[in-house]
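Remarks on the overall topology
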Amino acid sequence: MPLTSDPPVEQAVPQPAVPQPAAPQQAGPAPADDPAALKVVPVRHPWRWAAIVVTAVLIAQFVHGLVTNPAWEWEVFAQFFTARTVLKAVWVTLQLTVYGTALGFALGIVLAFMRLSASTFLRWVAFGYIWAFRSIPLIVQLLFWFNLSYLYKRLDFGIPFGPGFVHVDTMGLVGAMGAAVLGLALHQAAYAAEIVRGGVLAVDGGQLEAAAALGIPRLRQLRRIVLPQAARSILPNATNEVISLFKGTSIVSVMAIGELFYQVQVIYGRNGRVVPLLMVATAWYVLLTTVLSVLQHYVERHFAKGATR
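Here the focus is the overall build of the protein. Counting its secondary structure elements, the protein contains eleven helices and two strands. Helices and strands in the protein line up, N terminus first, as α-α-α-α-α-α-β-β-α-α-α-α-α. Looking at the protein as a whole, 28% of its 309 residues qualify as buried. In the protein, once contacts between residues fewer than 6 apart in sequence are set aside, the share between residues at least 24 apart is 71%. As displayed, the protein offers around 21600 Å² of accessible surface, 66% of which is attributable to carbon and sulfur atoms.

Have a look at this one:
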């Protein structure tokens, strides 16, 4: 008889494992929360494809008309595209653009910093210049400088409001080319000033404060800190202005200067081939504008170093 009152523990006899029947597969669609079972339907854009087809057809029709319409007179275009007189006119157009751009932006930089000056007088002088030259049409400015000798027979240099010691005859002082360059440059300076001022204002002022705290001279701050960063904002708008000036040189034809558009007018005035000669001028404008756009791309990429990754 056991000494304890607990009942005896019976050993459990192991039972053989009975295989469980497999759960029947669920018939019907997959559950909605299973991403792999979802059917992906690409977004359709019927109107986009319709617009592409219509645009492609219009472009094809336009190109077909250019090629097959005899009124374009492409043989006349090919004859005058590289004619000596046309090439000389293209060179005159480039000269007007380069001189007008260089002088205009040089004066525009001065005007921009005058507007940013702490002097109220300098700010108002610069504002008055920009207001006046943006308000007066370019053709009026060109004709004014072309007729300078009519308004002033001579220019005297000496004591202000007093006697003059040096006298300059204005009749031979400003010729047609000089008047064109002067008018284009002064007109361009008004727009260049606002472009440069906007670029300078886009630079974070905290960088100038940090440069001043390090004792960097103001001229060096401008040359090494402000202008390189401002150039990123200035370049796109400045290139647009250069291209506008390049095409705007056609307006100096009123002064009988042999630039591209004037020379084309002279040629078709003689032979009556208006359309092909206008296409000659158009092709040269498109070609040179494309070159300027490519130069803009590389210059912008140069100044964008360190700004993008």
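What follows deals with helix α5 (residues 138-146). Regarding α5, the residues found buried are Leu138, Gln141, Leu142 and Trp145. Angular distribution of buried residues about the axis of α5 spans 100°; they occupy a single face of the element. Residues of α5 that are buried sit in contact with α4 (120-135), α6 (148-151) and α7 (176-201).

Moving on to the nonpolar core. Counting residues in each nonpolar core, the largest one holds 25 residues, and the members touching the most others are Leu96, Leu111, Tyr129, Leu184 and Val252. Looking at this core, the elements with two or more residues in it are α3 (84-115), α4, α5 and α7. For this core, the element with the most residues is α7, which contributes eight residues. If we ignore the near neighbours within four places in the chain, the residues touching Val252 are Leu96, Leu142, Ala180, Leu184, Ile257 and Glu259. Ala83, Val90, Ile267 and Tyr268 belong to the second-largest nonpolar core, a separate cluster that totals 17 residues.

Let us look at the packing of α4 against α7. Where α4 contacts α7, the two axes come as close as 9 Å, and the packing angle between them is 125°. As the angle between them shows, α4 and α7 are arranged oblique. α7 is crossed by α4, and the crossing has left-handed handedness. Mapping the contact onto sequence places Tyr129, Ile130, Phe133 and Arg134 in α4 and Leu186, His187, Ala189, Ala190, Tyr191, Ala193 and Glu194 in α7.

The final tally for this structure, using the stated rule, is three salt bridges. A salt bridge links Arg197 to Glu194, with the nearest nitrogen and oxygen atoms 3.0 Å apart. Pair noted here: Arg197 and Glu194 are both in helix α7, with a separation of three residues, about one helical turn. Residues participating in the shared-partner salt-bridge network are Arg115, Glu194 and Arg197.

On to a nonpolar patch on the surface, then. A cluster of nonpolar residues, Ile136, Ile139, Val140, Leu143 and Val254, forms a patch on the protein surface that exposes about 360 Å² of accessible area. Mapped onto the fold, Ile139 is located in helix α5. The class of Ile139 is partly exposed, set by a relative accessible area of 31%.

What counts as what
- Residues numbered from 1 in each chain as written.
- Predicted model: local features only at pLDDT ≥ 70, side-chain atom pairs only at ≥ 80, totals over all residues.
- Heavy atoms only, no water.
- Helix = DSSP H or I, 4+ residues; strand = E, 2+ residues; numbered from the N terminus.
- Buried < 20%, exposed > 50% of the residue type's maximum accessible area, 1.4 Å probe, protein only.
- Contact = heavy atoms within 4.5 Å.
- Areas by Shrake-Rupley, 256 points an atom, 1.4 Å probe, with all protein chains shown as cover.
- Arc of directions from axis to C-beta.
- Core = buried A, V, L, I, M, F, W, Y, C linked by side-chain atoms within 4.5 Å.
- Axes fitted to C-alpha atoms, helices over the stretch in contact; angles between N-to-C directions.
- Parallel < 35°, antiparallel > 145°, perpendicular 65-115°, else oblique.
- Left-handed = near helix turned anticlockwise from the far one by under 90°.
- Salt bridge = Lys/Arg side-chain N within 4 Å of Asp/Glu carboxyl O.
- Patch = residues over 30% accessible without salt bridge, like charges linked within 9 Å, V, L, I, M, F, W, Y side chains within 5 Å.

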